[in-house]
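Here's the letter readout for the chains.
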Amino acid sequence: MAIGDAARERVQELLSYQFRDPAHLHQALTHPSFRQDHPDDAESNQRMEFLGDAVLQLVLTERLFALYPGEREGVLSKRRSALSRGDYLVSLARQIGVDAGLRLGASEESTGGRDKASVLEDAFEAVVAAVYLDGGYVAARDCLLRIYGDVAARVEAVEPDDNPKGRLQELVQPKHGNRALQYEVVKTEGADHARFYEVQVFLLGQLIGQGRGTSKKQAEESAARSALAGLESK
């Protein structure tokens, strides 16, 4: 199935980017199976996905580095991985109309290739490469950040367990207000270099969770997770 002008224009519209050389987008949306049926046609997107992945990783790395100046490398890597994993890219591919714009061979089309996660993930990365080749890094970066939107909100959505105190606050605030929760250190033990804290969390004076950790912050988060497990099970 050849890509129609309407489908290609729709992808450009959803990208908010107009290609100077439409051949870049044309190639990005060409699955290798299409060339099996049309060997004289343009090159497929197989190589472009390699480039697009590298551009995507750099854009996300820069954005996360700027958003979380005090965060550790491991945490930043975890967040980047969550925002670039396969199922996430599939949803972004559908968001910008890649599924409708794909050029597939007859066999791939007949077996549902337009909805295959691997096909959509590769095509999304290829589209990123197409913007990069057409307009340079800044164009690709700006395009990706428009697609992702509020990156901090996306991070929060994919790692809710990393902010248990925030989740607990959001759960109780509508009914009990902003100051209903209180965290209290009830025990401290161990030498200075190996100290453990035990924290209890109270809702309007009632104990709802407790936890331990090597820092007050870690113990409070553990207590919040304990409280969430109890409240969300009711």
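Before reading further, recall that the structure is shown in the block above.
Quick summary incoming for the structure in this document. Each chain has its residues counted from 1, running along the sequence as written. Where totals are concerned, whole chains, interfaces and linings use all residues; where local detail is concerned, this predicted model gives features only for residues with pLDDT of at least 70, and gives and counts side-chain atom pairs only at 80 or more. Side-chain descriptors were evaluated using all non-hydrogen atoms of the structure, hydrogens and water having been removed beforehand.

1. Details of the overall build of the protein chain
Here is the rule we go by: Helix and strand definitions here come from DSSP, where helices need a minimum of 4 consecutive H or I residues and strands a minimum of 2 consecutive E residues; each element is numbered from the N-terminal end. In this description the radius of gyration comes from C-alpha coordinates, and the expected globular size is given by 2.2 Å times residues to the power 0.38. Pairs of residues are marked as contacts when any of their non-hydrogen atoms sit within 4.5 Å. All accessible areas in this document rest on Shrake-Rupley with a 1.4 Å probe, and a residue is counted as covered only by the protein chains that are shown. Charge assignment in this entry is limited to Lys and Arg as positive and Asp and Glu as negative, and neither His nor the chain termini are counted. For charged residues, the charge sits on one atom: NZ in Lys, CZ in Arg, CG in Asp, CD in Glu.
For the protein chain, the count of helices and strands is 13 helices and three strands. Relative to its length of 234 residues, the protein chain is extended, with a C-alpha radius of gyration of 24 Å against a globular reference of 17 Å. With respect to the principal axes defined by its C-alpha atoms, the protein chain has extents near 75 × 40 × 30 Å. Sequence separation of at least 24 residues holds for 53% of the intrachain contacts in the protein chain that already meet a minimum separation of 6. When the accessible surface of the protein chain is totalled, it reaches about 12600 Å², and 49% of it is carbon and sulfur. Averaged over its 29 positive side-chain charges, the protein chain has a centre that lies 7 Å from the centre of its 36 negative ones.

2. Concerning empty space enclosed by the protein
Rules: Using a grid of 1 Å spacing that covers the protein atoms alone, one calls a set of points a cavity when a 1.4 Å probe fits there but cannot get out, and a pocket when the set is open and has protein on both sides within 12 Å along at least five of seven lines; lining residues are those with an atom within 4 Å of a point. Grid points are joined across faces, edges and corners, and a volume is the space filled by probe spheres set on the points. Note on residue classes: Ala, Val, Leu, Ile, Met, Phe, Trp, Tyr, Cys and Pro are nonpolar, Asp, Glu, Lys and Arg are charged, and everything else, Gly too, is polar.
Enumeration over the complete set of coordinates arrives at one cavity of 30 Å³ or more. For the largest cavity, the calculated volume is near 40 Å³. Surrounding the largest cavity, Leu15, Ile96, Phe124, Val127, Val128, Val131, Ala140, Cys143, Leu144 and Ile147 form its lining. Breaking the lining of the largest cavity down by element, the ones donating at least two residues are α9 (117–135) and α10 (137–148). In the lining of the largest cavity, the residues fall into ten nonpolar, no polar and no charged.

3. Quick look at the nonpolar core
Most often, soluble globular proteins have nonpolar side chains that are buried together. To be explicit about the condition: Residue types Ala, Val, Leu, Ile, Met, Phe, Trp, Tyr and Cys, when buried and joined through side-chain atoms within 4.5 Å, form a set referred to as a nonpolar core. Only protein chains enter the area calculation, which uses a 1.4 Å probe; residues under 20% of their type maximum are buried, those over 50% are exposed, and those in between are partly exposed.
Ranked by size, the top nonpolar core spans 43 residues in total, and within it Leu15, Leu83, Val98, Phe124, Val127, Val131 and Tyr148 carry the most contacts. Going through the elements one at a time, α1 (5–15), α2 (22–28), α4 (46–67), α5 (73–84), α6 (86–95), α9, α10 and α11 (151–158) are the ones with two or more residues in this core. In terms of residues, this core owes the most to one element, α9, which gives ten residues. Contact partners of phenylalanine 124, with chain neighbours within four places excluded, come to Leu89, Leu92, Ala93, Ile96, Leu144 and Ile147. Counting 14 residues, the second-largest nonpolar core is a separate cluster that includes Leu168, Val172, Val201 and Ala219.

4. Regarding the pairing of strand β2 (residues 196–203)
Applied cut-off: At least two DSSP bridges between two strands are needed for those strands to be called paired.
With seven of its eight residues buried, β2 lies for the most part within the structure. With eight bridges joining them, strand β1 (residues 181–189) and β2 adopt antiparallel strand pairing. The residue bridging glutamate 184 from the neighbouring strand is glutamine 200, located in β2. In the sheet, β2 pairs with strand β3 (residues 206–213) via seven bridges, with the strands oriented antiparallel. Across the sheet, phenylalanine 202 pairs through a bridge with leucine 207, a residue of β3. Where β2 folds back onto β3 in an antiparallel hairpin, the turn is made up of two residues, including leucine 204, whose phi is positive at roughly 55 degrees.

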